[in-house]
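A structural walkthrough
Here is what each chain is made of, one letter per residue.
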Amino acid sequence: MQTRKKYIFLTFLASWLLLFFFGGDQLRRFTFFSSKKTETLRNWPHWTDRSLLQSFADAEELEGDGDPPLQSPTARRAAWLNVYKNSRCRMETCFDFSRCEKHGFKVFVYPWEKGDPMSDAYRKILTSIEKSHYYTPNPEEACLFVLNIDTLDRDHLSAQYVHGINDKIQGFPLWNDGRNHLIFNLYSGTWPNYTEDLGFDIGQAILAKASFYTENFRPGFDVSIPLFSKDHPQKGGERGWLQNLMPPKKKYLLVFKGKRYLTGIGSSTRNALHHIHNGKDIISLTTCKHGRDWEKHKDTRCDKDNIDYGKFDYRELLHNSTFCIVPRGRRLGSFRFLEALQAACVPVLLSNGWELPFSEAIDWGRAAVVGDERLLLQIPSAVRCVAPERILALRQQTQFLWDAYFSSVDKIVRATLEIVKDRLFPHRSRARIFWNALPGGLLALPDFSTRRGDFPFYHPQQGSSPSDKFTALVRAVCPVVSLSQPLRRLLQAVSTSRHCAQILVLWSCEKPPPPRGKWPQTAVPLTVIRGRTGLSDRFFPYPDIRTDAVLSLDEHTNLSTSEVDFAFVVWRAFPERIVGFPTRSHFWDAGQRRWGYTSRRTNEFSMVLTAAAFYHRYYHNLYTSSLPAAPRGLVDRLATCEDVLMNFLVAAVTKLPPIKVTQWKQHREPVGQQVEDTAASAGALRSSQRQDCLNQLVDWFGYMPLVSSQLRLDPVLFKDQVSILRKKYRHLERL
């Protein structure tokens, strides 16, 4: 045992001697390796030393990165609390729901004078509210209040900055620490950090703000709105630019053309945009030629950038690009966001921490690509991976969102108010799917229904059809005791239709209706409803109407049962449109520079008169609930154009023309009893009144919504030897 230990010791000693003589140099290096490694780690190569580290940017550019130093958490918290002293506000804690119980959702705007300092944008916001169906001039009826003080621009360096707001609002007896108030804001803070300081205490008010930071946004209480320019239209607005869906990919894959900030917040992202420019399918152009002192701060890239910047037209790039980069500016939002939506150029958002507009309702993942400012160089490869069918869906959604919520100040304001309204009445609020599918949340009336199947728009997606019955609504205006013969014939023809569920007679006469025994016997229930003298009564959502389809008729209309049956079959295939018999047209009169109205029989038409037309009962609710008193009052005052307004409304919703079906006997409009002249002069007077109404409605809508068509649908009838009894609409062939 001792001998074995001795041999092991000698072997180990010999091994160390051999290692010392033949590998001493390597051993000495190993001994000092850790200390040399530590020394190496301490001596990093300087990032401007090009011999050691390849650079993709100029040293001057990197050294001149002008982003201000980040504030400490304590400083940021102090600045935030200066604006949001009620940072824990929720609808349940900072809103008085009791004010909305009696009169519903009504909005009061503090009275303002023409001489008050106010920007055009804020004046448009107040005008939109005052001309809407939300508005009330009585503060006792109001659920929500809006200040008459311009709070849009809170940059104290701006010429539109309003001073002393705190003192002014504290003197308002309705202020109540901002409770039940809505404050609009587009610009907050100033150089260099552009914080969200508004310069006054908003108290418990709801803040509808552009460029909202997510960390400051109070979910379920505040509303994030888009940044829009002072030239944004009050109402109407331009339509989206998407004309042809194919090909989904455009000439350019990715574009940007805009300012480059040399210093200050937002400069780091825009200074790096030139790295992705390849001059082929990716165009990224910046200019530092803006502001008064740009030459004092320009760098070595400025001159070349300015030359390249002028080689491309901005609108042309928008038209011909698939994706548009939307980087942050000094603030998180920019005008470029709405410009890209309108142009059907899919926005690629590079604005970390931005609470996107109306994010509570809109699913932006279906219309935009949300990127990260820190991963700018990965954006080109990311958008190249988007499939063509996905690009097509994104571009279509941009057009829908632009037209539904952002094309005018009026729609932005309405979307803001409807989001607040849904919070107040959650049992009647819209599901998110209504906001993200045609025709949009503003037209999906929760007072009508919260089920998709009850609306006329969603049947193709759900694979369903409207109900197979209709309600006939006949408007009677002749002040006679006994029923006229044309009315009796009409009631008999409609009641024998296999699709008719009931007949409602809207008696709009001063004299009482005839007793029940004087009315003709019908195969379906007949109910007489007392109406007022206003023409808008025919579009009131009467609870007796329980079918999806409404057949609107005048007492003088002459229709056969076969005509009614065929028109109803056509309507079931197009439930979102007006389907009917007598048509009218509009045209642009270049000589008088106004719209014209004609009843001449031509191949083209844009309106179907509601004297004989099918439409969905949803439009009764839309006509009565969404339209303010002004257009409905115009109809009642002129007493001629209720059907023109209904055609305007349906066309504005669907963007489609009505559908004409065959009528074998020509429709003739009645001559009013107050007119004692010939029928020709009465028709001319009625046409002139409708033309005046047409132009006033165009002014109110902000654009012409009517769409012309040459489509007419007829039953297929053949003069053949087949027995007429085997034909579906055999009575039409006999006429």
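The structure under discussion appears in the preceding block.
As a starting point, this report considers the structure included with it. (Residues numbered from 1 in each chain as written. Predicted model: local features only at pLDDT ≥ 70, side-chain atom pairs only at ≥ 80, totals over all residues. Heavy atoms only, no water.)

**Here we look at the overall build of the protein**
Each helix and strand in the protein was counted, giving 24 helices and 23 strands. When burial is assessed residue by residue, the protein has 51% of its 735 residues classed as buried. Counted over contacts in the protein with a minimum sequence separation of 6, partners at least 24 positions apart contribute 73%. Summed over all atoms, the accessible surface of the protein reaches about 36,600 Å², with 54% contributed by carbon and sulfur. (Helix = DSSP H or I, 4+ residues; strand = E, 2+ residues; numbered from the N terminus. Buried < 20%, exposed > 50% of the residue type's maximum accessible area, 1.4 Å probe, protein only. Contact = heavy atoms within 4.5 Å. Areas by Shrake-Rupley, 256 points an atom, 1.4 Å probe, with all protein chains shown as cover.)

**Details of the pattern of salt bridges**
The tally for this structure, following the rule as stated, stands at 25 salt bridges. In this structure, arginine 301 engages aspartate 305 in a salt bridge whose closest nitrogen and oxygen atoms are separated by 3.3 Å. The two residues arginine 301 and aspartate 305 agree in class, both being buried. Here the salt bridges do not stand alone but share partners, grouping Arg260, Arg301 and Asp305 into one network. (Salt bridge = Lys/Arg side-chain N within 4 Å of Asp/Glu carboxyl O.)

**Brief notes about the sheet that holds strand S20 (residues 607–608)**
If you trace the three strands from one edge of the open sheet to the other, you get S19-S18-S20, paired in antiparallel fashion. The open sheet has two free edges, formed respectively by strand S19 (594–598) and S20, since each of these has just one partner strand. Where strand S18 (residues 583–589) lies against S20, two bridges are found, and the strand directions are antiparallel. Its bridge partner lying in S20, threonine 583 is registered against valine 608. (Pairing = 2+ DSSP bridges.)

**Observations concerning the packing of aromatic side chains**
What characterises a pair of aromatic rings is the spacing of the ring centres plus the angle enclosed by the ring planes. Evaluation of the coordinates by the stated rule reveals 34 aromatic pairs. A centroid spacing of 4.9 Å and a plane angle of 40° characterise the contact between tyrosine 110 and phenylalanine 172, whose relative ring orientation is tilted. Within this pair, whereas tyrosine 110 is found in the loop between strand S1 (107–109) and helix H6 (120–130), its partner phenylalanine 172 is found in the loop between helix H7 (165–170) and strand S4 (181–185), the two being separated by 62 residues in sequence. On the accessibility criterion, tyrosine 110 (6% relative accessible area) is buried. Phenylalanine 172 gets classed as partly exposed once you look at its relative accessible area, which sits at 22%. Aromatic pair phenylalanine 457 and tyrosine 458: ring centres 6.0 Å apart, planes at 80°, arrangement edge-to-face. (Phe/Tyr/Trp six-rings, centres within 6.5 Å; stacked < 30°, edge-to-face > 60°.)

**A short note on the state of the cysteines**
Per the counting criterion, the structure on display carries five disulfides. Linked covalently through their sulfurs, cysteine 324 and cysteine 345 form a disulfide whose S-S length is 2.0 Å. For the disulfide bridge between cysteine 324 and cysteine 345, the dihedral angle about the S-S bond is near 105°, and by the sign convention the bridge is right-handed. Note that cysteine 324 is positioned in strand S10 (residues 321–327) and cysteine 345 in the loop between helix H12 (336–342) and strand S11 (346–350), a separation of 21 residues in sequence. (Disulfide = S-S within 2.5 Å.)

**So, the sheet that holds strand S9 (residues 282–287)**
Reading across the sheet, the five strands line up as S9-S8-S10-S11-S12 and stay open at both edges, with parallel pairing between neighbours. Unpaired on one side and paired on the other, S9 and strand S12 (369–370) mark the two borders of the sheet. Here S10 pairs with S11 via five bridges, running parallel. Residue pairing for S11: proline 327 is matched across the bridge by leucine 350. Contacting strand S8 (252–259) and S9, helix H10 (residues 302–309) crosses the sheet at an angle of about 120° to S9. (Axes fitted to C-alpha atoms, helices over the stretch in contact; angles between N-to-C directions.)

**Some remarks on the nonpolar core**
Core analysis: the biggest nonpolar cluster contains 93 residues, and Phe105, Phe184, Tyr405 and Phe406 have the highest contact counts within it. With eight residues, helix H15 (residues 409–424) is the largest single contributor of residues to this core. Every residue in contact with phenylalanine 406, bar those within four places of it in the chain, is listed here: Pro226, His232, Leu338, Leu341, Pro357, Phe358, Ile362, Trp364, Leu401, Lys411 and Ile412. The next biggest cluster of nonpolar side chains, apart from the first, holds 49 residues, and it includes Phe434, Leu473, Ala651 and Leu694. (Core = buried A, V, L, I, M, F, W, Y, C linked by side-chain atoms within 4.5 Å.)

**Some words on H15**
For H15, which comprises 16 residues, the first-to-last C-alpha distance of 23 Å matches the rise-based estimate of 22 Å (1.5 Å per residue) to within 8%. Counting buried positions over the 16 residues of H15 gives 15, a clear majority of the element. (Expected span 1.5 Å × (residues − 1).)

**What to know about the side chain of serine 119**
Looking at the secondary structure, you find serine 119 in the loop between S1 and H6. With a relative accessible area of 7%, serine 119 lands in the buried category. Within the local environment of serine 119, its side chain forms a polar contact with the backbone nitrogen of tyrosine 122, the two atoms lying 3.3 Å apart. Not counting the four nearest positions on each side in its chain, serine 119 is found in contact with Asp150, Leu152 and Gln160. (Polar contact = N/O pair within 3.5 Å; in protein donor to acceptor, adjacent residues only side chain to side chain.)

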